[in-house]
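# Examination of the molecular architecture
Letter by letter, the chains look like this.
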Amino acid sequence: MTSRTRRALLFSPGDDRHKIEKGAALDVDALIMDLEDGVALTRKDEARETVAQALGGVQFGNSERLIRINPVDDDNEWWYQDLEQTLPHNPDGYVLPKVENAEQIKRADDIITQAERRYGWLYHSVHLLAIVETALGIVNLKEIARAAPRLTALIFGAEDLAGSLGAMRTSDGWEVFHARSSLVLHAKAYGLQAIDTVFVDLTADDSQLVTEVEQAHYMGYNGKLAIHPRQVPLIQKVFTPSAARIKAARQLIEAFKAHQHSGRGVFAYEGKMVDMPMIRAAEQLLAQARAAGLDVD
Ligand code: COA
Ligand code: MG
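Small disclaimer: the values here were computed from a predicted structure and weren't measured. Here the residue index of a chain counts from 1 through its sequence in written order. Note on labels: chains are lettered from A, ligands numbered from 1, in written order. Under the rules for a predicted model, residues below a pLDDT of 70 receive no local features and side-chain atom pairs below 80 are neither given nor counted, while totals for whole chains, interfaces and linings still include all residues. Remark: hydrogens and water are excluded; side-chain values derive from all non-hydrogen atoms of the structure.

### Observations concerning the environment of Arg17
- Under the DSSP-based scheme used, a helix requires at least four consecutive residues in state H or I and a strand at least two consecutive residues in state E, with every element numbered from the N terminus. As for its position among the elements, Arg17 is in helix H1 (residues 17-24).
- Each residue gets one of three labels from its accessible area relative to the maximum for its type: buried under 20%, exposed over 50%, partly exposed in between, using a 1.4 Å probe on protein chains only. A relative accessible area of 30% places Arg17 in the partly exposed class.
- Distance from Arg17 to Gln53, taken between C-alpha atoms, is 9.1 Å for residues 36 residues apart in sequence.
- Polar contact is defined as a pair of N or O atoms within 3.5 Å, subject to the rule that within protein one atom must be able to donate a hydrogen and the other to accept it, and that residues adjacent in sequence are counted only when both atoms are side-chain atoms. A distance of 2.8 Å separates polar atoms of two side chains, one belonging to Arg17 and the other to Glu21.

See below:
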């Protein structure tokens, strides 16, 4: 799994230089410059040009520079043009939408591999992230998850999925829960990060977004898509281990080491049984905190 932390990934429309600059200044883990559904059909060329220029001219700080291209399919050549025109500017990765099979990932992978050779970049340095957001995509999660080594994350797309299912979106999300759960399961089975869907209601109370982010976090998701700057700190906070949880994890690991020395593999700590799964969870929490730039040692 990539160690790059991806707690919030903010979409900015690719044809809007102002939003790209604004997003780049936010200290967000990843900025996704969109060439797909956030761009009008009449502005695709302009968006490619704007994104190519932004990669050369905007200061992104520590934010990962990702581009969402159009779906890899044979209906049109947009996706191919998206890659051809932006690859020379060396983005950190590409987000592929509406992925339904391994072949789509391999086609994008081939073109990126050729660019890495041409420019002498490190092999697999340009990452791929796949959005799975159709019924067929969910059914094919297994072949998608192991399609290519440069694939580092699966992203859940609830809005398009609801359309593909003929389902109606509700606030508790049960209509997409099986798919949301299946996506994180497949991601983790194949060593990938799992990123949760967008929260589209910009008028909702912050607590509603936080509840949805917490739910994703408890399910094992590593991060969530964002569509507005206001969502970024709320999301990143939920995926950043608190000082109290870091302290508790460290103390648990210390207690475990002490018991190991005295020859006991399982023991009671603060009224609860502790054995290896809890220790592994504590170690994972410390790894997450380190990846988020916190000093835990
Ligand atoms: N990235 C960067 N900056 C953004 C932003 C985004 N996604 N969304 C809003 N902003 C900026 C605005 O430009 C504005 O900046 P300003 O004060 O300097 O003018 C500020 O944040 C406040 O924005 P606000 O007025 O609340 O929103 P808006 O009406 O300008 O935009 C949306 C609303 C939904 C159009 C906008 O949030 C957006 O474009 N989101 C991303 C959409 C997208 O990419 N969708 C595809 C994936 S689902
Ligand atoms: Mg979509």
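Once you've had a look at it, read on.
### Focus: the domain arrangement of the protein
- Domain limits in this description derive from either an automatic procedure or a database domain assignment. One can read the domain layout of the protein as domain 1 (8-238) and domain 2 (243-291).
- Each of domain 1 and domain 2 has a C-alpha centre, and the two are 34 Å apart.

### Remarks on the pairing of strand S7 (residues 193-196)
- The alternating pattern of S7 places Gln193 and Ile195 and Ala194 and Asp196 on opposite faces, both of which are buried.
- The pairing of strand S6 (residues 151-156) with S7 spans three bridges and is classified as parallel. Counted as the bridge partner of Ala153 is Gln193 from S7.
- Strands are treated as partners if at least two bridges between them are detected by DSSP. One ladder, built from two bridges, connects S7 with strand S8 (residues 223-226); its direction is parallel. Within S8, the residue paired with Asp196 across the bridge is Lys224.

### As for the coordination of the magnesium ion (ligand 2)
- In this description, a donor is an N, O or S atom within 2.8 Å of the metal centre, a cutoff extended to 3.2 Å for sodium, potassium and calcium. Water is not part of the atom list, which can make sites seem incomplete. The protein atoms that coordinate the magnesium ion (ligand 2) are Glu133 (OE) and Asp160 (OD), at distances spanning 2.1 to 2.2 Å. Of the two residues, Glu133 sits in the loop between strand S5 (127-132) and helix H5 (135-139) while Asp160 sits in helix H7 (residues 158-165), which places them 27 residues apart along the sequence.
- Classification of Asp160 as partly exposed rests on a relative accessible area of 31%.

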